[in-house]
Amino acid sequence: MQPSILAADYSRLGEQLDTVLDAGARAIHVDVMDGHFVPPITIGPVIVESIRDQVHGAGGMLDCHLMVERPERQIEQFAAAGADSITIQAEATPNLHFALRQIREARCLAGLAINPGTPVEAVAEVADLLDLVLCMTVNPGWGGQAFIETSPDKVSRLRDAVGPDLPIQVDGGIGAVTVALVRDAGATLFVAGSAIFGVPDPAQAYHAIAEAAGAE
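As the structure is a computational prediction, the values presented were derived from the model and not from experiment. (Residues numbered from 1 in each chain as written. Predicted model: local features only at pLDDT ≥ 70, side-chain atom pairs only at ≥ 80, totals over all residues. Heavy atoms only, no water.)

Caption draft 1: Layout of the overall build of the chain. When you go through the chain residue by residue, the secondary structure sums to eight helices and eight strands. A compact globule built from 216 residues should have a C-alpha radius of gyration of about 17 Å, and the chain, at 16 Å, falls within 12% of that. Structurally, the chain occupies a C-alpha span of about 40 × 35 × 30 Å along its principal axes. A buried classification covers 53% of the 216 residues belonging to the chain. Sequence-distant contacts, at least 24 apart, represent 60% of the contacts inside the chain between residues at least 6 apart. Counting every atom, the chain has about 9,300 Å² of accessible surface; 50% of that belongs to carbon and sulfur. One way to put it: in the chain the 12 positive side-chain charges average out to a point 5 Å from where the 28 negative ones average out. (Helix = DSSP H or I, 4+ residues; strand = E, 2+ residues; numbered from the N terminus. Rg over C-alpha atoms; globule rule 2.2 N^0.38 Å. Buried < 20%, exposed > 50% of the residue type's maximum accessible area, 1.4 Å probe, protein only. Contact = heavy atoms within 4.5 Å. Areas by Shrake-Rupley, 256 points an atom, 1.4 Å probe, with all protein chains shown as cover. Lys, Arg positive; Asp, Glu negative; His and termini not counted. Charge placed at Lys NZ, Arg CZ, Asp CG, Glu CD.)

Put into structure tokens, the structure is as follows:
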């Protein structure tokens with residue numbers, strides 16, 4: 001289970017990170033948006049650097065999802081800031097192979113995200129460069145969206161396309177009910193934002209979703 005700080009209260013980000021890390025989270029998901037690839041603007045390397053020691057000190061990792069145009073221009077900055085894993089969007093650059101190699105050369109895990117409207121076949125040509133593939137279960141850009149009901153079918157087709165070993169991550173509308181649907185379809189990594197940080201007790205929410213995902 002990976003809590004996404006997109007939904008966190010940034011006035012007490014350190015406190016909220018401690019809450020989910022103490023609850024057992026060992027990967028923190030960082031949603032980076034540039035106002036171009038998606039309309040909102042969120043956070044950048046400065047925030048990653050500011051939480052790096054806290055997350056790494058707790059034995060956790062920073063999983064950065066770059067929803068930005070031409071991510072190859074930003075990879076080195078995020079790696080230097082402390083990212084352990086960098087996922088880029090298949091739709092965001094014509095230089096996909098180059099960008100994924102760049103992530104690997106920066107000694108980060110390389111991930112590829114595909115939007116709901118992108119066919120699973122988009123992964124095939126670069127599968128040998130991937131440490132994970134992210135199947136978006138909402139349209140990227142805004143937290144709190146409803147889970148797209150056809151997502152489990154897409155996850156299942158993606159699992160068939162990439163084989164049994166490559167981790168499939170899902171992000172968008174993930175909660176205690178929907179996480180079981182995508183788990184059964186073949187997903188192995190689960191990102192939740194609003195369902196964790198948007199409730200009074202994030203630790204309890206984290207445990208409930210992790211249990212439903214079979215992670216506890």
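Having put the structure on the table, let's press on.
Caption draft 2: Representation of helix α5 (residues 151-162) in the model. Here α5 is 12 residues long and its end C-alpha atoms lie 16 Å apart, about the 16 Å a rise of 1.5 Å per residue gives. Considered for burial, the residues of α5 that qualify are S151, P152, K154, V155, L158 and R159. An end-on view of α5 places all buried positions within 155° of arc, on one side of the element. Within α5, the exposed residues directed more than 90 degrees away from the buried face are D160 and A161. Two residues or fewer past α5, G163 is found with a positive phi of approximately 90°. (Expected span 1.5 Å × (residues − 1). Arc of directions from axis to C-beta.)

Caption draft 3: Representation of the state of the cysteines. In the structure shown here, the tally under the stated rule is zero disulfides. Sulfur of C108: no disulfide; nearest cysteine sulfur belongs to C64 and is 8.1 Å away. (Disulfide = S-S within 2.5 Å.)

Caption draft 4: Just the environment of A83, in detail. In this structure, A83 sits in the loop between α3 (75-81) and β4 (85-89). For A83, a relative accessible area of 6% corresponds to the buried category. On a C-alpha basis, the gap between A83 and V48 in space is 7.0 Å, while along the polypeptide they are 35 residues apart. Ignoring any residue separated from it by four or fewer positions in sequence, one finds A83 in contact with V48, L62, C64, F78 and C108.

Caption draft 5: Representation of the sheet that holds β4 in the model. If you walk across this open sheet you meet the eight strands as β1-β8-β7-β6-β5-β4-β3-β2, and the pairing is parallel. Two strands close off the open sheet at either side, each with one partner strand: β1 (2-3) and β2 (27-33). (Pairing = 2+ DSSP bridges.)

Everything listed is a geometric property; what it means functionally is a separate question.
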